[in-house]
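Architecture at a glance
Residues per chain, in single letters:
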Amino acid sequence: MEVRVKVFGPAVELAGSRVVCVRVEPGIDEAALRNQIAAEVPPLAALARQGRLAVNRAFARPGEPIMEGDEVALIAMVSGG
Amino acid sequence: MNVEIRIVDGALARPAERGPGCGVGAVIAFEGVVRGEENGRAITGLDYEVYEGMAERELERLAVEVATSHGLMAVRVWHSRGFVAVGACSFRLEMESAHRQASLRAVAEFIDRLKRDVPIWKRAVEDRADSSQAPNRAGQQN
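Everything numeric in this text was worked out from a predicted model, so none of it was measured.

Conventions and cut-offs
- Residue indices begin from 1 for each chain and proceed along its sequence in written order.
- Whichever chain is written first is A, and whichever ligand is written first is 1; the rest continue in order.
- Residues qualify for local features only when their pLDDT is at least 70, as the model is predicted, and side-chain atom pairs are given and counted only at 80 or more; totals for whole chains, interfaces and linings, by contrast, use all residues.
- The side-chain figures draw on all heavy atoms in the structure; neither hydrogens nor water molecules are used.
- Numbering goes from the N terminus for both helices and strands, where a helix is a DSSP run of H or I of at least four residues and a strand is a run of E of at least two.
- Under the scheme applied here, a residue whose accessible area is under 20% of the maximum for its type counts as buried, over 50% as exposed, and between as partly exposed, the area being computed with a 1.4 Å probe on protein chains only.
- Contact between two residues is taken to exist if any of their heavy atoms lie within 4.5 Å; hydrogens are not considered.
- We get accessible surface area from the Shrake-Rupley algorithm with a probe of 1.4 Å; when it comes to residues, only the shown protein chains can shield them.
- Here the aromatic set is Phe, Tyr and Trp, taking the six-membered ring for Trp, and pairing holds for ring centres within 6.5 Å; pairs whose planes are under 30 degrees apart are stacked, those over 60 apart are edge-to-face, and all others are tilted.
- Here, a salt bridge means any side-chain nitrogen of Lys or Arg that lies within 4 Å of a carboxyl oxygen of Asp or Glu.
- Each residue carries a pLDDT score, the predictor's own confidence in it, on a scale running from 0 to 100.

Describing the overall build of chain B
The number of helices and strands found in chain B is two helices and eight strands. Reading the helices (α) and strands (β) of chain B from amino to carboxyl end gives β-β-β-β-β-α-β-β-α-β. Buried residues in chain B amount to 47% of all 142 residues. In chain B, once contacts between residues fewer than 6 apart in sequence are set aside, the share between residues at least 24 apart is 76%. Roughly 6,700 Å² of accessible area belongs to chain B as shown, and the carbon and sulfur atoms make up 50% of that amount.

Printed below as a string of structure tokens:
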């Protein structure tokens, strides 16, 4: 399945886009997906390894599977306040 | 416990005067104001990007957790999205408690966790015309 990962903040400039697409097996967990993002989009490697994934607008739990249709976002280097 | 979260476009207006609730002995308010420089360079403002839906939910979750752990009576949070000019307020936090120590500790914890957990990003704008560009660049903290 294809996962479209939303990115924000400095990650947009690094990726050159607000969305990055990766092909994965259904049920891949959040850690494996971050590793795959790091491998397939090298400018995002550091953020993908240090950041967290949100699934359907909530932080993914360790080991949480990603399923077809999930809204996935890479949350890294937040700077609100 | 009363929790209120608002994300609004642009700079924050002055809050309306309100009386504290019954039993409140301390009201602590923090305002984050946009500085005129970022990383040693003059700027005209900051442009805030918000992950809509998740940012509000994380702010509320954080407010409830901090209020519960510190025994607060009320937490109110306002945060800007979009451009906020130098000198204007982009973040306001108000906490009410029976005694000052609880709110003082809670303000520090809330802001530390906000800067770690809430999906909001800011980008320094050196020229006002630059604020409509998409990419954001994280800057230093208030």
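Thoughts on the packing of aromatic side chains
Per the counting criterion, the structure on display carries three aromatic pairs over all chains. Between Phe8(A) and Trp121(B), the aromatic rings sit 4.8 Å apart at their centres with planes inclined by 10°, giving stacked as the arrangement. Placement of the pair is Phe8(A) in the loop between strand 1 (2-6) and helix 1 (10-15) and Trp121(B) in strand 8 (residues 120-125), with the two residues belonging to separate chains. The burial state of Phe8(A) is the same as that of Trp121(B); both residues are buried. A centroid spacing of 5.9 Å and a plane angle of 55° characterise the contact between Phe30(B) and Phe91(B), whose relative ring orientation is tilted. Remark: Phe91(B) occurs in strand 7 (residues 89-97) and Phe30(B) occurs in strand 2 (residues 26-33); sequence separation between them is 61 residues.

Some words on the pattern of salt bridges
Across all of its chains, the model carries 20 salt bridges over all chains by this definition. Between Arg34(A) and Glu30(A) there is a salt bridge, with the nearest N and O atoms lying 3.2 Å from each other. Taken as a pair, Arg34(A) and Glu30(A) lie in helix 2 (residues 30-40) at a separation of four residues, close to a single helical turn. When salt bridges that share partners are traced, they join Glu58(B), Arg61(B), Glu65(B), Glu109(B) and Arg113(B) into one network.

Observations regarding the confidence of the model for chain B
All names here are of chain B. Model confidence for chain B is summarised by a mean pLDDT of 90, while 89% of its residues fall at 70 or above. Across residues 133-142 the pLDDT falls below 50, and counting only partners more than four positions away or on other chains, this stretch makes 41 contacts in the model. Here the predicted complex carries an ipTM of 0.93, next to a pTM of 0.89.

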